[in-house]
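# Commentary on secondary and tertiary structure
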Amino acid sequence: MKKYLEDNPHQDGVHYSDLFEHYVYAVKDKPRRSLAEFLLDYFFKTESGTYRLPASEEEERIKAEGRAKGTNRRIKRYIAYLEKEETIPEKVRPNDVTLAEWIRHCKRSGLYEQGKLLYEKGGLNLDNLPEEVMVNIEEDYQVCVRMLERTKSTS
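Overview of the structure. This is a predicted model, so every value here is computed, not measured. (Residues numbered from 1 in each chain as written. Predicted model: local features only at pLDDT ≥ 70, side-chain atom pairs only at ≥ 80, totals over all residues. Heavy atoms only, no water.)

### Overview of a nonpolar patch on the surface
A contiguous nonpolar surface patch, about 320 Å² in accessible area, is contributed by Phe20, Val24 and Tyr25. Of note, valine 24 is situated in helix 2 (residues 16-26). A relative accessible area of 34% places valine 24 in the partly exposed class. (Patch = residues over 30% accessible without salt bridge, like charges linked within 9 Å, V, L, I, M, F, W, Y side chains within 5 Å. Areas by Shrake-Rupley, 256 points an atom, 1.4 Å probe, with all protein chains shown as cover. Salt bridge = Lys/Arg side-chain N within 4 Å of Asp/Glu carboxyl O. Helix = DSSP H or I, 4+ residues; strand = E, 2+ residues; numbered from the N terminus. Buried < 20%, exposed > 50% of the residue type's maximum accessible area, 1.4 Å probe, protein only.)

### Some remarks on the pattern of salt bridges
By the definition in use, this model includes 10 salt bridges. Of the charged contacts in the structure, one is a salt bridge between arginine 61 and glutamate 58, with a shortest N-O distance of 2.7 Å. Highlighted residues: arginine 61 and glutamate 58, both in helix 4 (residues 57-69), separated by three residues, approximately one helical turn. Classification of arginine 61 by relative accessible area gives partly exposed; the value is 38%. Residue glutamate 58 is classed as partly exposed on the basis of its relative accessible area of 38%.

### Observations concerning the nonpolar core
In this structure, Tyr78, Leu118, Tyr119, Leu124 and Ile137 are the most contacted members of the largest nonpolar core, which totals 21 residues. Breaking this core down by element, the ones donating at least two residues are helix 5 (71-84), helix 6 (96-109), helix 7 (112-121) and helix 8 (131-154). In terms of residue count, the dominant contributor to this core is helix 6 (five residues). Setting aside residues no more than four positions away along its own chain, isoleucine 137 makes contact with Ala100, Ile103, Tyr119, Leu124 and Leu126. Leu19, Tyr23, Phe38 and Phe43 belong to the second largest nonpolar core, which has eight residues in total. (Core = buried A, V, L, I, M, F, W, Y, C linked by side-chain atoms within 4.5 Å. Contact = heavy atoms within 4.5 Å.)

### Notes on a positive patch on the surface
Together, Arg73, Arg74, Arg77 and Lys91 make up a region of like positive charge exposed at the surface. Summarising the element assignment, arginine 73 is placed in helix 5. A residue is classified by how much of its surface remains accessible, and arginine 73, at 41% relative accessible area, is partly exposed. (Lys, Arg positive; Asp, Glu negative; His and termini not counted. Charge placed at Lys NZ, Arg CZ, Asp CG, Glu CD.)

### Here we look at the packing of aromatic side chains
In total, this model carries five aromatic pairs according to the counting rule given. Arranged with centres 6.5 Å apart and planes meeting at 50 degrees, the rings of tyrosine 42 and phenylalanine 43 form a pair that is tilted. Looking at tyrosine 42, the relative accessible area reads 39%, which means it is partly exposed. Seen from their ring centres, tyrosine 119 and tyrosine 141 are 4.0 Å apart, and the 20 degrees between their planes marks the pair as stacked. Taken as a pair, tyrosine 119 in helix 7 and tyrosine 141 in helix 8 lie far apart in primary sequence, 22 residues in all. Both residues of the pair, tyrosine 119 and tyrosine 141, belong to the buried class. The rings of Tyr16, Phe20 and Tyr23 are connected pair by pair, giving a single aromatic cluster. (Phe/Tyr/Trp six-rings, centres within 6.5 Å; stacked < 30°, edge-to-face > 60°.)

### Topic: unusual backbone geometry
Negative phi is the rule for most residues except glycine; trans is the rule for most peptide bonds. The phi torsion at glutamate 85 lies on the positive side, around 55 degrees, for a residue other than glycine. Topologically, glutamate 85 is positioned in the loop between helix 5 and helix 6.

Take a look at the structure:
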């Protein structure tokens with residue numbers, strides 16, 4: 001990815017098809033999960049739909065922390081229940097603090113659709129959170145909504 005972006009400085013990221021082509025030919029010992037499943041564990045999705053490397057140490061830390069905690073997988077599993085409108089098992093259901101952390105993670109990682117869905121349908125009860133956290137989550141949600149609107153208007 002680094003080399004591609006150095007060779008193409010006018011690009012803000014690498015398209016999935018280019019990543020997939022490299023993955024197919026260069027990666028010999030492939031994991032069980034598909035490429036699409038773990039791209040967001042390592043890279044950020046740009047407004048144009050391409051993928052980019054973390055731009056700062058803070059962004060690298062966010063991605064590493066998410067991988068260590070399995071945050072993306074847990075969010076994805078929970079959202080699957082929400083989208084299917086199935087009963088969510090108690091062991092999978094996050095508490096309000098965890099939901100707040102997940103929404104913040106989605107905002108910071110560029111997972112704006114997931115952050116919006118978690119806020120709107122995830123079962124978050126803001127009354128159970130301290131006021132400062134409540135305000136932060138509202139801001140995180142608004143950022144997710146604005147970024148989704150921005151990507152729709154540029155498409």
